[in-house]
Amino acid sequence: MTTEPFVFSDEQHLLRETVRDACQRAWPPEAVERTANGPWATKFWTTLASELGVVGLTVPETLGGLGAGVVDLTIVAEELGRVAAAAPMLGTTLATETLARVECETAATVLEPVAGGQRLAALVVTDDAGAWTPDRPATTARSEGDGWRIDGAARGVLDGAGADDLLVLSTTDEGIALMLVDGAADGVTRRAVDTMDLTRELADVTFTDAQATLLQVGPAVVDAVRGAADVATIVLAAEQLGGCQTMLDRTVEHARTHMQFGRPIGTFQAVRHRCADMLVATEHARSAVYHAAWAADVGIDDVAVAASLAHVVASQAHTEVSGGALQLHGGIGFTWEHPTHLYLKRAWSDATLLGGRAFHRARLAPLLEPPRA
Amino acid sequence: MTDTIGTDRRTGVVVDAEELVRDHPPAETGAVAFLGAQFDRGLAWVHFPTGRGGRGLPQGRQADVDRVLRASGAPDAFLRNPIGHGMAAPTVVVHGSDRLQERLLRPLFTGEELWAQLFSEPGAGSDLAGLATRAEWDGRVWRVTGQKVWTSLAQHARWALLVARTDPDVPKHKGLTYFVVDLHHPGVDVRPLRQLTGDAEFNEVYLDDVEIDDGWRLGEVGDGWRVAMTTLMSERKALGGRSSARGDGTIGDALRLWAQRPELRTPADEQHLLDLAVRAEAQRLTGWRHGAEQGDAPMGSRGAIDKVVGAELNQAVYDFCMRVLGVEATRYTHPGPDDPHTTPPADRSLTWKFLRSRANTIEGGTSEILRNIIGERLLGLPGDVRVDKDVPWRDVPRS
Ligand SMILES: Cc1cc2nc3c(=O)[nH]c(=O)nc-3n(C[C@H](O)[C@H](O)[C@H](O)COP(=O)(O)OP(=O)(O)OC[C@H]3O[C@@H](n4cnc5c(N)ncnc54)[C@H](O)[C@@H]3O)c2cc1C
């Protein structure tokens, strides 16, 4: 792993190329039907996990992962974002990062197949209104006999419908706990929700007296989830960065070749200037995302601040750039056949994930501190 | 100690900078003497050649030196001579003869000799290559006649960068030649121009049969446009901002105002300020990343990104300050054109800074021109339809 911020090592460049290649083969631009649980998606995930070995990249080697850094993970996420891959990367990151932070032998046994791509796990931290609530979980768990039972509902669980294992943050008499629930257990209902974004799967999950296993209880659990969410936030922002780059590239190509009034539309300044602004937004997203990744790996900044900054900057950039792409493609951009809609919808839903705008802006309060004299 | 090779490079310059501060404590050493010593040790611009204020290291190493010097309270060479540093030095070191480099760089760095840039003319601002100032070779010297305008700091400067037309019969970009001109030379008339802020930072400069020795030419005859590109690239980078730490630079003014005047706060303003702080941070990180990724390569057109964003951000920050201050901000005493510039720009009132920031999207290339550059050079988009490209300059219509 390189430690000089913003400078990638040769291995990292190679990683990027390998993943890009696989992504582009799996999700060619004309593949406009990108649904998260289609056969395509499953095959792609298998390729990522077993052929490329980039699922569970950051999981420590002792727990069956590769022990790579967040910078590496960010590279993978950026490439997935470029093709708007329908892949359970975000849910998996949340789950593996949480499990790796939890001290419990069962957690390690759940983690290994997830990091290897054989099983899917989802972290359940939202409440019945879909809000991100690591401090006050909306499900409750009680101990019964030598096991546990869980009740409650969570909306908008990332990659939740297809998950084999559910990691549920619950309120118990002993404090906040992380529970493990088998996705197929009695008393668990999961419904994949119809969403504007076709590429990311969200599920509404309810637990009615469902059987559960306690992984860990106490404040450390909340810290584990928060730490995992910071890494997932960086992954999400990196996906958005990849999306920006694709929308920019496609728009520039279009502006170079598409003719009106006898000349390429890119010769018109109104068009060229909007492209220039799209590049500026993309560059800013890139800086904020890479900065956050390096902050997570080598501590050049507070990770919470850096991750939230990446979320805010990348969300702004992705909505702006995909909007610009739609505008500059004209009517064709508004059609279903054109990929812009995939990115535009992703941009607007990504901006609401993992706490969304309000949560991440609130964490940026340190930016309002005046500089030291 | 100055023998810094391989992996010791970083520590080498840091150690040398610390030694410089020890030998010449900034508080007791005059600015000129301190900067002279910095130059002689090759710590002025570490990427310049040895003997020219540098030691042939990657440009990024300069930040390590500057960090040590800033912490010690050393004088800011850039602010003393912004055009010298931002535009002249990078141009002279690439295109100037050994003799010129030897003569010009040290006093430029110390601020003993200030610099100006004689590019713009009343009829040629954005369209710099359309300029009309003539330079004619009389067999012995070049004779220059014409009018320049908006020339910052010319009233204080000793030297200026000049682009002049040496061949009107070829298309505009081909007939230009680049010179260094001595502003103390007979025939140079500098007239301060009062500007929107009230003071006079820039000038009109009339050149009437000014003699320039051929040794003061940079680059070949007719190749002035290429030399000018070096200057313009460096200019954008210099104007793009030099902020280093979070909250430094322009955004710091808004953050200080916010901290010092709690009675003026509204929730909507707080959200707006947060937006500005996020933009400032994205801008700062982008400058940092561009520096890191660039390695030894010149910045090229990427400086245009930092310039366009920096200029618009400055304006947005001071717009914010004006709105927060309300009627209070409208109290303003215009300085006169002859007022001595004793207050450093950074210490002036927010109203002055607000007014001055209106120039940021014009000076050093307008935002429109820079967006064209981003579109054409960075994104490879086709340019405007050009009507004057293949026409001799003489035949191009001018206003
Ligand atoms: C404070 C200040 C300091 C300066 N200092 C110096 C200095 O030290 N030395 C020096 O040489 N110059 C200096 N300048 C001049 C500056 O470089 C020019 O003002 C600038 O390049 C714009 O040229 P112009 O003023 O002739 O405007 P014009 O070129 O006439 O532009 C007028 C408007 O038309 C737009 N426009 C022009 N061409 C195009 C195009 N192709 N596409 C789209 N829009 C276009 C511009 O963006 C602008 O909005 C300074 C200017 C200021 C304000």
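Quick look at the structure, then. Predicted, not measured: the structure shown is a model, and the values here were computed from it.

1. Focus on the nonpolar core
- The biggest cluster of nonpolar side chains holds 105 residues, and the ones touching the most others in it are Phe44 and Leu354 of chain A.
- Top contributing element to this core by residue count: helix 6 (residues 219–257) of chain A, with 18 residues.
- Residues in contact with Phe44 of chain A, not counting those within four places in the same chain, are Ala22, Cys23, Ala26, Trp27, Leu80, Ala85 and Ala87 of chain A.
- Core analysis: the second largest hydrophobic core is formed by 66 residues, Leu20, Ala77, Leu104 and Leu108 of chain B among them.

2. Quick notes on the layout of surface pockets
- Computed from the structure, the second largest pocket encloses a volume of approximately 750 Å³.
- If you trace the second largest pocket, you find 25 residues lining it, with Val313, Gln316, Ala317 and Glu320 of chain A together with Arg279 of chain B closest to the centre.
- When contributions to the lining of the second largest pocket are tallied by element, the ones reaching two or more residues are helix 7 (269–298), helix 8 (303–329) and helix 10 (356–362) of chain A together with helix 9 (267–294) and helix 10 (302–325) of chain B.
- No other element matches the eight residues that helix 8 of chain A contributes to the lining of the second largest pocket.
- Here the lining of the second largest pocket is built from residues that sort into twelve nonpolar, five polar and eight charged.

3. Section: unusual backbone geometry
- In the Ramachandran plot, Asp159 of chain A falls in the positive-phi region, its phi being about 50° despite a non-glycine side chain.
- Relative to the elements of secondary structure, Asp159 of chain A occurs in the loop between strand 3 (147–158) and strand 4 (165–172).
- In this structure Asp159 of chain A comes out as buried when scored by relative accessible area, which is 7%.
- The phi dihedral of Leu153 of chain B falls on the positive side, at around 65°, and the residue is not glycine.
- Looking at the element boundaries, Leu153 of chain B is found in the loop between strand 3 (142–148) and strand 4 (159–165).

4. Description of the site of the ligand
- Inspection of the region around the ligand gives 20 residues, with Gln269 of chain A together with Gln117, Ser126, Trp150 and Thr366 of chain B positioned closest.
- Neighbouring residues of the ligand are distributed over chains A and B.
- At 2.8 Å, a backbone N or O of Gln117 of chain B approaches a nitrogen atom of the ligand.
- The contact in question runs from an oxygen atom of the ligand to an N or O atom on the side chain of Ser126 of chain B, over 2.5 Å.
- Contact with the protein chains hides 69% of the accessible area of the ligand, taken as 970 Å² for the molecule alone.
- Sort the elements by how many residues they give to the shell around the ligand and helix 12 (residues 367–378) of chain B lands first, with three residues.

5. Comments concerning the environment of Val55 of chain A
All names here are of chain A.
- Along the chain, Val55 turns up in the loop between helix 2 (39–51) and helix 3 (70–82).
- The exposure class of Val55 is buried, given its relative accessible area of 5%.
- Spatially, the C-alpha atoms of Val55 and Leu169 are 23 Å apart, while their sequence positions differ by 114 residues.
- Leave out the neighbours within four places in its chain, and Val55 touches Trp45, Leu48, Ala49, Thr92, Val114, Ala115 and Gly117.

6. Details of the environment of Gly198 of chain B
All names here are of chain B.
- Note that Gly198 resides in the loop between strand 6 (188–193) and strand 7 (202–212).
- Look at Gly198 and you get buried, because its relative accessible area is 2%.
- For the pair Gly198 and Met229, spaced 31 residues apart in sequence, the C-alpha to C-alpha distance is 32 Å.
- If we ignore the near neighbours within four places in the chain, the residues touching Gly198 are His334, Pro335, Gly336 and Pro337.

7. A word on the pattern of salt bridges
All names here are of chain B.
- Tallying each qualifying case throughout the model produces 66 salt bridges over all chains.
- Arg217 is the salt-bridge partner of Asp214, the closest N and O atoms lying 2.9 Å from each other.
- We note a salt bridge from Arg256 to Asp253, for which the minimum N-O separation is 3.3 Å. Within this pair, Arg256 and its partner Asp253 are both found in helix 8 (residues 250–260), separated by three residues, close to a single helical turn.
- We classify Asp253 as buried; its relative accessible area is 12%.

8. Here we look at a nonpolar patch on the surface
- The grouping of Val298 and Ile300 of chain A together with Trp288 of chain B at the surface amounts to a nonpolar patch, some 220 Å² of accessible area in total.
- Considering the arrangement of structural elements, one finds Val298 of chain A in helix 7.
- Given the relative accessible area of 30%, Val298 of chain A is considered partly exposed.

9. Section: empty space enclosed by the protein
Residues and elements named next belong to chain A.
- The tally for this structure, following the rule as stated, stands at two cavities of 30 Å³ or more.
- In this structure, the largest cavity encloses a volume near 80 Å³.
- Put simply, the parts of the chain that give the lining of the largest cavity at least two residues each are helix 6 and helix 10.
- Per element, the largest residue contribution to the lining of the largest cavity is five residues, and it comes from helix 6.
- For the second largest cavity, the calculated volume is near 50 Å³.
- Looking at the second largest cavity, the residues that line it are Val54, Val55, Gly56, Leu57, Thr58, Leu73, Met89, Thr92, Thr93 and Thr96.
- A per-element tally of the lining of the second largest cavity places helix 4 (residues 89–101) first, with four residues.
- For the lining of the second largest cavity, a count of residues per class yields five nonpolar, five polar and no charged.

10. A closer look at the packing of aromatic side chains
- Within the structure shown, the criterion is met by 16 aromatic pairs over all chains.
- Aromatic pair Phe119 of chain B and Tyr178 of chain B: ring centres 6.0 Å apart, planes at 85°, arrangement edge-to-face. Here Tyr178 of chain B lies in strand 5 (residues 176–182) and Phe119 of chain B lies in the loop between strand 1 (115–118) and strand 2 (134–137), a separation of 59 residues in the sequence. Accessibility assignment for this pair places Phe119 of chain B and Tyr178 of chain B in one class, buried.
- Following the ring pairs from residue to residue traces out a cluster consisting of Phe6, Phe8, Tyr290 and Trp294 of chain A together with Trp288 of chain B.
- The aromatic ring of Trp393 of chain B is capped on one face by Arg398 of chain B, whose charged end is 3.8 Å from the ring centroid.

What counts and how
- Residues numbered from 1 in each chain as written.
- Chains lettered and ligands numbered in written order.
- Predicted model: local features only at pLDDT ≥ 70, side-chain atom pairs only at ≥ 80, totals over all residues.
- Heavy atoms only, no water.
- Core = buried A, V, L, I, M, F, W, Y, C linked by side-chain atoms within 4.5 Å.
- Buried < 20%, exposed > 50% of the residue type's maximum accessible area, 1.4 Å probe, protein only.
- Helix = DSSP H or I, 4+ residues; strand = E, 2+ residues; numbered from the N terminus.
- Contact = heavy atoms within 4.5 Å.
- 1 Å grid on protein atoms, 1.4 Å probe; cavity = no way out; pocket = protein on both sides within 12 Å on 5 of 7 lines; lining within 4 Å.
- Points joined across faces, edges and corners; volume = space filled by probe spheres on them.
- Nonpolar A, V, L, I, M, F, W, Y, C, P; charged D, E, K, R; others polar.
- Near = heavy atom within 4 Å.
- Polar contact = N/O pair within 3.5 Å; in protein donor to acceptor, adjacent residues only side chain to side chain.
- Areas by Shrake-Rupley, 256 points an atom, 1.4 Å probe, with all protein chains shown as cover.
- Salt bridge = Lys/Arg side-chain N within 4 Å of Asp/Glu carboxyl O.
- Patch = residues over 30% accessible without salt bridge, like charges linked within 9 Å, V, L, I, M, F, W, Y side chains within 5 Å.
- Phe/Tyr/Trp six-rings, centres within 6.5 Å; stacked < 30°, edge-to-face > 60°.
- Lys NZ or Arg CZ within 6 Å of the ring centre and 35° of its normal.

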